[in-house]
Amino acid sequence: MKQIKKEKTGAARARDLVCGMDLSELADLAEVPYKGASFYFCGSGCAERFKSDPERFQKEPLIRLSNVWKVFKMGAVETQALRGVDLNVWEGDFISIIGASGSGKSTVLNMIGLLDRPTDGMVFFIRERMFLCSMTKKEPNSVQGYSVSCFSNII
Ligand SMILES: Nc1ncnc2c1ncn2[C@@H]1O[C@H](COP(=O)(O)OP(=O)(O)OP(=O)(O)O)[C@@H](O)[C@H]1O
Ligand SMILES: [Mg+2]
């Protein structure tokens, strides 16, 4: 899984409306003009998807990860498993997360599946900012009707 090195804090960043990626450090963006404005994307895949339904991608995705960090601490050892992950998951999406062993695939799936909470950053489920603790304490039924399944032979 490719992660761009980022600082934990940051001003508002330009985002790819489809995949959610922070575009501020990417070159060769794909530009799509729409209703007199220019929209920028990480590549042709997201640009084409936006063109197919521009209004949809200006709304909120089903799940959104924004600058998500996960740091595991074991004694004096600290592992930065996720360093500022941005990701949009739209209803009906079928996604694959690919990366080397130890790159953080399982950790990010735990965030997407609301099984673990980030050290820093935000996880939104249908516009609600949500961590494991608030989900179980506040609105245990708010995710009914949706299932987040992780299919993998390597997680
Ligand atoms: N509970 C934990 N405590 C400490 N370190 C952890 C924990 N879970 C994951 N890590 C570390 O975080 C990093 C990312 O681990 P993760 O399991 O997310 O990788 P992965 O991409 O799923 O790897 P694999 O392909 O081997 O399943 C690794 O360095 C791992 O050792
Ligand atoms: Mg794994």
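Keep in mind that what you see is a predicted model, and the values were worked out from it rather than measured.

Trainee: It is not clear to me how the site of ligand 1 should be interpreted in this structure. Could you clarify?
Mentor: Every one of the 14 residues lining ligand 1 counts as a neighbour, but Phe-72, Ala-81, Lys-105, Ser-106 and Thr-107 are closest to it. Those elements that provide at least two residues to the shell around ligand 1 are strand E3 (63–74), strand E4 (77–89) and helix H2 (105–112). Ranked by residue count, the leading element in the shell around ligand 1 is H2, at 3 residues. Across the shell around ligand 1, the residue classes tally to 5 nonpolar, 8 polar and 1 charged.

Trainee: Explain the pairing of E3 to me, please; I cannot follow it from the model alone.
Mentor: Note on strand geometry: in a regular strand, side chains alternate between the two faces of the sheet. Where E3 lies against E4, 10 bridges are found, and the strand directions are antiparallel. Residue pairing in the sheet places Phe-72 in a bridge with Thr-79 of E4. Between E3 and E4, which pair antiparallel one after the other, the connecting turn spans 2 residues, and Gly-75 there sits at a positive phi close to 65°. Looking at chain direction, E3 and strand E5 (residues 120–125) are connected through 5 bridges and run antiparallel. Bridging across to E5, Ser-66 finds its partner in Met-122.

Trainee: Help me understand H2, please; the structure alone is not making it clear to me.
Mentor: Structural remark: α-helix, 3.6 residues per turn; residues separated by three or four positions point the same way. Along H2, 6 of the 8 residues are buried, which leaves the element largely enclosed by surrounding structure. All buried positions along H2 are accounted for by Lys-105, Thr-107, Val-108, Asn-110, Met-111 and Ile-112. Buried positions along H2 lie against E3, E4 and E5.

Trainee: Help me understand the sheet that holds E4, please; the structure alone is not making it clear to me.
Mentor: Note: strands within a sheet are paired through backbone hydrogen bonds, in either parallel or antiparallel orientation. Sheet architecture is open: 4 strands sit in the order E4-E3-E5-E6, paired in antiparallel fashion. The sheet is open, and its two borders are formed by E4 and strand E6 (128–129), each paired with just one other strand. Running over the sheet, H2 touches E3, E4 and E5 and is turned about 55° from E4.

Trainee: For this particular structure, what's the right way to read the confidence of the model for the protein chain?
Mentor: Segments scoring low in pLDDT should not have their predicted coordinates read at a detailed level. In the predicted model, the protein chain carries a mean pLDDT of 82, and the fraction of residues at 70 or more is 75%. Confidence, expressed as mean pLDDT per element, reaches its minimum in the protein chain at helix H3 (residues 132–137) with 43 and its maximum at helix H1 (residues 44–52) with 97. For residues 1–11, every residue scores under 50 in pLDDT, and the model assigns this stretch 21 contacts once sequence neighbours within four places are set aside. Low confidence marks residues 132–142, where pLDDT is under 50. Its contacts with residues over four positions away, or in another chain, come to 10 contacts.

Trainee: Sorry, what's going on with the nonpolar core here?
Mentor: Proteins that are soluble and globular tend to have nonpolar side chains buried together. Val-18, Phe-50, Leu-65, Val-68, Val-85 and Met-111 are the most contacted members of the largest nonpolar core, which totals 20 residues. At the level of elements, strand E2 (37–41), H1, E3, E4, H2 and E5 are the ones that each hand at least two residues to this core. Lining this core are residues from two domains, each supplying at least three of them: domain 1 (13–59) and domain 2 (63–137). Ignoring sequence-local partners within four residues, the contact set of Val-68 consists of Leu-82, Val-85, Met-111, Pro-118, Gly-121 and Val-123.

Conventions adopted
- Residues numbered from 1 in each chain as written.
- Chains lettered and ligands numbered in written order.
- Predicted model: local features only at pLDDT ≥ 70, side-chain atom pairs only at ≥ 80, totals over all residues.
- Near = placed C-beta within 6 Å.
- Helix = DSSP H or I, 4+ residues; strand = E, 2+ residues; numbered from the N terminus.
- Nonpolar A, V, L, I, M, F, W, Y, C, P; charged D, E, K, R; others polar.
- Pairing = 2+ DSSP bridges.
- Buried ≥ 20, exposed ≤ 12 C-beta atoms within 10 Å, placed from the backbone.
- Contact = placed C-beta atoms within 7 Å.
- Axes fitted to C-alpha atoms, helices over the stretch in contact; angles between N-to-C directions.
- pLDDT = per-residue confidence, 0-100.
- Core = buried A, V, L, I, M, F, W, Y, C linked by C-beta atoms within 7 Å.
- Domains from an automatic or database assignment.

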